[in-house]
Amino acid sequence: MQIQSIPPMRAAIDIGSNTIHLVVARCTPHDLEIVEDQQELVRIGESVTATGEISQEKSKAAISTLKRYKALARKHKANPILVVATEAIRQASNSDAFLEEVLSKTKLAVQLISGTAEAELTFFGSTYEVYKEPRPPAQIGVMDLGGGSMELVTARNMHITWRTSLPVGSGWLHDRYLSSNPPTYDDVTVAETFLQTYFRGLQLKHQPPVLIVTGGSANSILFLARNAFKLDANHTQITQQDLIRCQGLLTSLPAEEIAQRFEQPLERARILLAGALIIQTVMARLRINVIHVSSHGIREGVLLAYERYKKRWLEIVSQSAEALNQKQSSDGKSDGFGTYTPEEEPFAQSGRRLLQERTQKMLEWPEEVLKHEDVEAVHKMRVAIRRLRATLDAYQSICDPKSFKKVYRQVTQITDTLGAARDTDVMLINLHAQLEQVKSEDKAGVEWIIQRLQKFREQKQLELETFLQNLDGDDLRRQVELCIREGVTSYGKS
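Residues numbered from 1 in each chain as written. Predicted model: local features only at pLDDT ≥ 70, side-chain atom pairs only at ≥ 80, totals over all residues. Heavy atoms only, no water.

Asks: An account of the pairing of strand E9 (residues 211–214) is requested, with residue identities and associated values reported.
Replies: Here E9 shows no split at all, with Leu211 and Val213 on one side and Ile212 and Thr214 on the other all buried. Where strand E6 (residues 139–145) and E9 come together, 4 bridges link them in parallel fashion. Residue pairing in the sheet places Asp144 in a bridge with Thr214 of E9. Bridging between E9 and strand E11 (residues 290–294) involves 3 bridges; their strand directions are parallel. Pairing of Val213 across the sheet is with Val293, part of E11. (Buried < 20%, exposed > 50% of the residue type's maximum accessible area, 1.4 Å probe, protein only. Helix = DSSP H or I, 4+ residues; strand = E, 2+ residues; numbered from the N terminus. Pairing = 2+ DSSP bridges.)

Shown next, in the form of structure tokens:
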């Protein structure tokens, strides 16, 4: 009688932009028996988006989590403990110092992997259960939505045919455009402007019949939909209609209420709308109505890759990713998300057109603001300039860096000047509404605050008027026209 050997116990930790995630499993080259699956919402990407580096606070929280996960993996006698880091760490100016500190304080060696290697590992992890089915789909797409980036992959007959990594994630979108709680209609409009503009460069030539979406945001949205709309607990699909209903909740209720009502961590509740908007934009772009949500991803991919290739796992995965990169470059086309259909406007051409149109739209408002006839003129100009900045964000990859920096600095200055005036207007409106409801003994205090704010608003109005009178619209138009270089086609490639 042959005794069947017990598969070895391994552990993988993923340091992402939103979460640090641990999986411990018994592993074979094609299957996993997961015994531990935990995640901590640290949001390293929040500090990277704000300052360009990992803050001491985020570093301390990450190291504390890694120590706890290491102890848990050791408790299960897992060996080795494989640790990878992704987009937020790739982007951070102090990533080397962070990785050295992690090694010093936890004795865990972190592998900083490329976006393309991340896409490949995520594909392994999110599809291994699908390919155990008797009749798996011949063509499949995978989307991994993280906090700071998104990986997209297509495959045919279990072989990857195309993949890419994009620096757009739920945490990044929230921090950039949706920081109000709950996000306002204007916040959502500007975020959608960015997404719809950015994804113009992602046309699908061959639509995969099945799209699997993985990542914390997708799984949390699925959990929200189950709780809010009484879906079956085993339900793993999300429709466009489900997403629209979720967005209705997420724009109506503050994050604290979403967290309490629907059993979501507060920090996750804050960024759920951003995740829903990204997923819906991709679904619309790919013309699909249903996605399949997987709880597996890069961690499971790391474990499977290690079991297949042992100590050379990352080298072999990276070589495979690079080989596919070269093939995609030499072909000049892809079998997936990145090709253009002839009737659609080229990415760079649409960039030039949209930047010029949105610059012109914004420049229609300074005169109206200075007239003082339309009380909403400041608000309308602010929305227009925020939409222009979102368009600049979307086309940054194909802009001349020097011209882009000059225009972006001026646009940000206009946005901040308008924002100071508009935010004060909103506070005054809210205080006047409160004044009618407060007790008589409290009215004097509220009136005092209103008087101080009105003086502050008058000061900001003078600053705004001076700024707008000195704004050279013709010069701004010329600068915008110089942003996108001639000969550029899409995503910075000529």
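Asks: So what about the side chain of Gln461? Which residues, and what values?
Replies: Residue placement: Gln461 occurs in helix H18 (residues 440–469). Leaving out residues up to four positions away in the same chain, Gln461 has contacts with Val369 and His372. (Contact = heavy atoms within 4.5 Å.)

Asks: Report on the environment of Lys310, specifying residues and quantitative values.
Replies: With respect to the helices and strands, Lys310 occurs in the loop between helix H12 (298–309) and helix H13 (313–331). Measuring from C-alpha to C-alpha, the distance between Lys310 and Gln360 comes to 57 Å, with 50 residues separating the pair along the chain. Lys310 has contacts with Arg10 and Ala305, leaving out every residue within four places of it along the chain. Among the polar contacts made by the side chain of Lys310, one reaches the side chain of Glu307 at a distance of 3.0 Å. (Polar contact = N/O pair within 3.5 Å; in protein donor to acceptor, adjacent residues only side chain to side chain.)

Asks: Explain the packing of helix H17 (residues 401–435) against helix H19 (residues 473–483) residue by residue, including any values.
Replies: Where H17 meets H19, the closest approach of the two axes is 8 Å, and the angle between their N-to-C directions is 140°. Comparing the axis directions of H17 and H19 gives the class oblique. Here the hand of the crossing between H17 and H19 comes out left-handed. Only Leu476, Gln479, Val480, Leu482 and Cys483 of H19 make contact with H17, whose side of the interface consists of Ser403, Phe404, Lys406, Val407 and Gln410. Its residues assigned to classes, the contact of H17 with H19 shows 6 nonpolar, 3 polar and 1 charged. (Axes fitted to C-alpha atoms, helices over the stretch in contact; angles between N-to-C directions. Parallel < 35°, antiparallel > 145°, perpendicular 65-115°, else oblique. Left-handed = near helix turned anticlockwise from the far one by under 90°. Nonpolar A, V, L, I, M, F, W, Y, C, P; charged D, E, K, R; others polar.)

Asks: An account of the side chain of His379 is needed here, citing residue identities and associated values.
Replies: Within the secondary structure, His379 is located in helix H16 (residues 377–395). Given a relative accessible area of 17%, His379 falls into the buried group. Leaving out residues up to four positions away in the same chain, His379 has contacts with Asp186 and Arg422.

Asks: Break down helix H4 (residues 95–106) for me, with residues and values.
Replies: The end-to-end C-alpha distance of H4, which contains 12 residues, comes to 16 Å, matching closely the 16 Å that a straight helix rising 1.5 Å per residue would cover. Within H4, the full set of buried residues consists of Ser95, Phe98, Leu99, Val102 and Thr106. Around the axis of H4, the buried residues are gathered within 95° of arc, so they sit on the same side. Those residues of H4 that are exposed and angled more than 90 degrees off the buried face are Asp96 and Glu100. Buried-residue contacts for H4 involve helix H1 (44–51), helix H2 (56–75), helix H3 (87–91) and strand E5 (110–112). Where H4 ends, the next residue or the one after it, Lys107, has phi of about 60°, a positive value. (Expected span 1.5 Å × (residues − 1). Arc of directions from axis to C-beta.)

Asks: Now, about the sheet that holds E5: what can you tell me, with residues and values included?
Replies: Read from one edge of the open sheet, 5 strands run E3-E2-E1-E4-E5, paired in mixed fashion. The strands lining the two open edges of the sheet, one partner per strand, are strand E3 (31–41) and E5. On average, adjacent strands in this sheet sit at an angle of 20° to one another, irrespective of strand direction.

Asks: Would you mind going over the pattern of salt bridges in detail, with residue names and values included?
Replies: It is possible for side chains bearing opposite charge to pair when their charged atoms get close. Here the structure, examined in full by the defined rule, presents 26 salt bridges. Across the pair Arg163 and Glu120 runs a salt bridge whose closest N-O atoms are separated by 3.7 Å. A residue pair is termed long-range when its members are at least 10 positions apart, and Arg163 in strand E8 (residues 159–166) and Glu120 in helix H5 (residues 115–127) qualify at 43 residues. A relative accessible area of 5% means that Glu120 is categorised as buried. For Asp187, the salt bridge identified is with Arg386, shortest N-O distance 3.1 Å. You can see Asp187 sitting in helix H7 (residues 185–198) and its partner Arg386 sitting in helix H16, a full 199 residues away along the chain. Arg386 sits in the buried class, given a relative accessible area of 13%. In this structure, a network of salt bridges that share partners links the residues Arg43, Glu46, Lys58 and Asp175. (Salt bridge = Lys/Arg side-chain N within 4 Å of Asp/Glu carboxyl O.)

In short, geometric facts, not functional conclusions.
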